[in-house]
Amino acid sequence: MLLVSIWLGLLFISSSLIKSTWPQQPELSRKVVHIGAGFALPLAWFSHIPLSIALAAALFATALAAINHRWRLLPALEDVGRASIGTVAYGASVTLLLGLFWPQRADLVCAAVLTMALGDGLAGLLGAHFPSRRWQLFGQTKSLLGTAVMAVVTLLVLLILLPQLPIYQLLAIAASATLLEQFSWGGIDNFSVPLLVAAMAHWLGS
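The following refers to the structure shown. In this text, all values refer to a predicted model and were calculated from it rather than measured experimentally. (Residues numbered from 1 in each chain as written. Predicted model: local features only at pLDDT ≥ 70, side-chain atom pairs only at ≥ 80, totals over all residues. Heavy atoms only, no water.)

This next bit is on the overall build of the chain. Helices and strands together make up the secondary structure of the chain, namely nine helices and two strands. In the chain, the succession of helices and strands from N to C terminus is α-α-α-α-α-α-β-β-α-α-α. Computed over C-alpha atoms, the radius of gyration of the chain comes to 16 Å, within 12% of the 17 Å expected from 2.2 N^0.38 for 206 residues, which places it in the range of a compact globule. Over its C-alpha atoms, taken along the principal directions, the chain stretches across nearly 45 × 40 × 25 Å. Scored against the burial criterion, the 206 residues of the chain give a buried share of 45%. Look at the contacts in the chain between residues 6 or more apart in sequence, and 70% of them connect residues 24 or more apart. (Helix = DSSP H or I, 4+ residues; strand = E, 2+ residues; numbered from the N terminus. Rg over C-alpha atoms; globule rule 2.2 N^0.38 Å. Buried < 20%, exposed > 50% of the residue type's maximum accessible area, 1.4 Å probe, protein only. Contact = heavy atoms within 4.5 Å.)

So, in structure tokens, the structure goes:
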């Protein structure tokens, strides 16, 4: 728990420094937290944190995210220039995945969360800063580069964490996650994509 707490503390300090250094790019600090928070799960797996502690921590973090969403106590997590419940959805998906699969399928939980943390996080950063074809879906701007990054990063995460699954199954999961992310709005993909990845991987591997 100490290791995970130190990591999360450094993460929030970094996001605050980024926000103060580049105030004209509010999405940057949020994406740093979005990506970095996903690595708390592998740290918890490595540290053999039991379900009771992991679940209590996830519930507490989700409650804090909900409070922050309402009152903006930590604006670095919410200043995205659009209506979004992404931080709350993120915590809710982690909490539910822990309750369903931890610790017996810690690999599955880590894979599901990291596909969203890394895939969506890097897609948002790179897609917004490099030119490529763009389109609008449900009020959200999507890009060809961002979509490609989401697909490739998701597949790489699955290959590393779920190597027991055949490649065609991993391709199907990555394609489904990328497609679902296209049709999500208001940050709900932070909930739907990890659950889809976990459900498909669990079903295909059973």
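After that view, the rundown keeps rolling.
We now examine the packing of helix H7 (residues 144-161) against helix H8 (residues 167-182). Put simply, H7 and H8 touch, their axes get as near as 9 Å, and they point 140 degrees apart. Here the hand of the crossing between H7 and H8 comes out right-handed. Residues Thr147, Met150, Ala151, Thr154, Leu155, Leu158 and Leu159 of H7 lie in contact with H8, whose contacting residues are Ile167, Leu170, Leu171, Ile173, Ala174, Ala177, Thr178, Glu181 and Gln182. Of the residues contributing to the contact of H7 with H8, the split by class is 11 nonpolar, four polar and one charged. (Axes fitted to C-alpha atoms, helices over the stretch in contact; angles between N-to-C directions. Left-handed = near helix turned anticlockwise from the far one by under 90°. Nonpolar A, V, L, I, M, F, W, Y, C, P; charged D, E, K, R; others polar.)

Considering the arrangement of structural elements, one finds Pro42 in helix H3 (residues 40-46). Take Pro42: its relative accessible area is 24%, and that puts it in the partly exposed class. Between the alpha carbons of Pro42 and Trp102 there is a distance of 12 Å; along the sequence they are 60 residues apart. For Pro42, the residues in contact, after removing those within four places along its chain, are Cys110 and Leu114.

Checked against the element boundaries, Gln182 lands in helix H8. Residue Gln182 is classed as buried on the basis of its relative accessible area, which comes to 8%. Within the structure, the side chain of Gln182 is placed 2.8 Å from the side chain of Thr147, a separation counted as a polar contact. Setting aside residues no more than four positions away along its own chain, Gln182 makes contact with Trp135, Leu137, Lys142 and Thr147. (Polar contact = N/O pair within 3.5 Å; in protein donor to acceptor, adjacent residues only side chain to side chain.)

On to the nonpolar core, then. Leu41, Leu98, Trp102, Val109, Leu158 and Leu162 are the most contacted members of the largest nonpolar core, which has 45 residues in total. At the level of secondary structure, the elements contributing two or more residues to this core comprise H3, helix H4 (51-71), helix H5 (86-101), helix H6 (106-129), H7, H8 and helix H9 (189-205). The greatest single-element share of this core, amounting to 13 residues, is contributed by H6. Non-local contacts of Leu41, meaning those with residues more than four positions away in its chain, are made with Val94, Leu98, Trp102, Val109, Cys110 and Val113. (Core = buried A, V, L, I, M, F, W, Y, C linked by side-chain atoms within 4.5 Å.)

By themselves, these observations are geometric and do not establish any function.
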